Amino acid sequence: MHQSVLLQEVVRAFQEIIQTTPQPILIDCTLGLGGHTLALLETYPHLNIIGIDQDLEAKEQALEKLAPYGNRFNFMHGNFATLLPSLLENPSLCIKGVLADLGVSSWQLDSPHRGFGFHSKQLDMRMDTDQSLDAFKVVNTYSLYHLERVLQAGEVREYKKIASLIANRRHKQPFESAQDLADFLAKHAHRSKLHPATLIFQAIRMEVNSEMENLHTLLKCAKNLKEAVLAVISFHSLEDRQVKHTFREYAQSWGICATKKPITPSAQELNTNPRARSAKMRIFYFQGF
């Protein structure tokens, strides 16, 4: 069952800016199943939200959940990196908040036909199932050099060794499923408290969905915000570092970094949702100039 991470912390992150604005609009860049948006709409009766998501399967569930809120919620299908710049440049929209939850949802992980989980019979990992690049192509067709770069970018230990092992195995027999890949990596990858394939799967997923590039676009276009709050929830040290360094840079001229240290899940939340363990939220307030 999917649980939205840092739910109450997200609601509190936008409290002051929403309560002091007559008709605020918040953009949920990664709507998913709508958990964060639902909590925000319930808490702030005068808030309107634009929810963006590229996953059409998640859209159906989210729209059903949010239907009672009528025209206070509007859905846009697509990648936030494509849609967000024009929204933030639109002077007719009173945008006072932007939320981006960068993680893959439990629902996606647990859907066997999506190829995110270790036991899936698919090797897919696309958040937008209309795009051509999927995990099968990354694993089975990328050159050894390119595969090394993907794993290195995902901060995989022994990335050269793992890339070489994958390349040698696929030459004999292509990887047909996520389970095939996970079982292979369990025998050869560095062992830790996590499943040996965890970081490797994450690196491949980030490549398939251009996650670092999308984050870069989000942070760049956020400079168009005025008197507004940006909250970013990341699940990978690489993402968190980019957010941290960008917020530190922006604090010199654009506003105030509202979180000196990232907000992390409470012990109570981790007890009910262990998958939230790596979540970190950083908040930035863009001042008006």
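Note on numbering: residues in each chain are counted from 1, in written sequence order. Whole-chain, interface and lining totals are the exception, using all residues; otherwise, since this is a predicted model, local features are given only for residues with pLDDT of at least 70 and side-chain atom pairs are given and counted only at 80 or more. Only hydrogens and water are set aside when side-chain values are computed; all heavy atoms of the structure are taken into account.

Attention now goes to the sheet that holds strand β4 (residues 95-101). Pairing between the strands of a sheet is mediated by backbone hydrogen bonds and can be parallel or antiparallel. Whether two strands pair depends on DSSP finding at least two bridges between them. Only DSSP runs of H or I with at least four residues qualify as helices, and only runs of E with at least two residues qualify as strands; both kinds are numbered from the N terminus onward. The strand order across the open sheet formed by 7 strands is β3-β2-β1-β4-β5-β7-β6, and the pairing between neighbours is mixed. In this open sheet, the two strands that pair with only one neighbour each are β3 (73-77) and β6 (255-257). Ignoring which end each strand starts from, the neighbouring axes of this sheet average 15° apart. As defined by bridge partners, strand β1 (residues 25-28) adjoins β4 across 4 bridges and the pair is classed as parallel. Paired with Ile-25 across the two strands is Ile-95, which belongs to β4. Pairs of residues are marked as contacts when any of their non-hydrogen atoms sit within 4.5 Å. Interaxial angles span 0 to 180 degrees and are taken between N-to-C directions of axes, which are lines fitted to C-alpha atoms, for helices over the stretch in contact. On the sheet, helix α12 (residues 211-221) packs against β4 and β5 (228-234) and is oriented at approximately 165° with respect to β5.

Let's shift gears to the pairing of β5. Only protein chains enter the area calculation, which uses a 1.4 Å probe; residues under 20% of their type maximum are buried, those over 50% are exposed, and those in between are partly exposed. The buried fraction of β5 is high, at 7 of 7 residues. Neither face of β5 is open: one carries Ala-228, Leu-230, Val-232 and Ser-234, the other Val-229, Ala-231 and Ile-233, and all of them are buried. Examined bridge by bridge, β5 and strand β7 (residues 280-286) share 7 bridges and lie antiparallel to one another. Bridging across to β7, Leu-230 finds its partner in Phe-284.

Turning to helix α11 (residues 198-208), a few remarks are in order. In terms of burial, α11 is largely enclosed, as 8 of its 11 residues are buried. Packing partners of the buried residues in α11 comprise α7 (135-141), α8 (144-153), α9 (159-172), α10 (178-188), α12 and α13 (237-250). Ser-210, located one to two residues past α11, shows a positive phi value of around 50°.

Moving on to the packing of aromatic side chains. Stacked, tilted and edge-to-face are the three classes assigned to paired rings of Phe, Tyr and Trp, where Trp is represented by its six-membered ring and a pair needs centres within 6.5 Å; plane angles under 30 degrees give stacked, over 60 edge-to-face, the rest tilted. Applying the stated criterion to the full structure yields 7 aromatic pairs. With a centroid separation of 6.5 Å and 65° between ring planes, the pair formed by Tyr-250 and Trp-254 is classed as edge-to-face. On the basis of relative accessibility, which here comes to 5%, the residue Tyr-250 falls in the buried class. With relative accessibility at 31%, the residue Trp-254 sits in the partly exposed group. Here a set of aromatic residues connected by ring pairs shows up, and it is made of Phe-247, Tyr-250, Trp-254, Phe-284 and Phe-286. The residue whose ring lies beneath Arg-169 is Phe-175, and the NZ or CZ to ring-centre distance is 4.2 Å. Just above the ring of Phe-184 sits the side chain of Arg-169; from NZ or CZ to the centre is 6.0 Å. Note on geometry: a ring has a charge over it if NZ (lysine) or CZ (arginine) is within 6 Å of the ring centre and within 35 degrees of the ring normal.

If you check the domain split of the protein chain, you get domain 1 (7-107 + 211-286) and domain 2 (108-209). A separation of 28 Å is found between the C-alpha centroids of domain 1 and domain 2. Domain 1 puts 20 residues into the contact, and the matching count from domain 2 is 18 residues. For the domain 1 and domain 2 pair, buried surface summed over both sides reaches about 1800 Å², with 41% attributable to carbon and sulfur atoms. Any Lys or Arg side-chain nitrogen located within 4 Å of an Asp or Glu carboxyl oxygen qualifies as a salt bridge. At the boundary of domain 1 with domain 2, the tally comes to 5 salt bridges. Here Asp-55 and Arg-114 are joined by a salt bridge, their closest N and O atoms 2.9 Å apart. Boundary definitions for the domains trace back to an automatic or database domain assignment. By buried area we mean how much accessible surface two parts lose on assembly, using a 1.4 Å probe and totalling the loss over both.

On to the nonpolar core, then. Counting residues in hydrophobic clusters, the biggest one holds 31 residues, and the most contacted among them are Ile-27, Val-98, Leu-218, Leu-225 and Leu-230. Breaking this core down by element, the ones donating at least two residues are β1, β2 (48-53), α5 (80-88), β4, α12, β5, α13 and β7. In terms of residues, this core owes the most to one element, α5, which gives 6 residues. In contact with Ile-27, not counting residues within four places along its chain, are Ile-50, Ile-52, Leu-84, Leu-87, Leu-88, Ile-95, Gly-97, Val-98 and Leu-99. In plain words, nonpolar cores are sets of buried Ala, Val, Leu, Ile, Met, Phe, Trp, Tyr and Cys residues tied together by side-chain atoms within 4.5 Å. Within the second largest apolar cluster, 30 residues are counted, among which are Val-104, Val-138, Tyr-142 and Leu-185.

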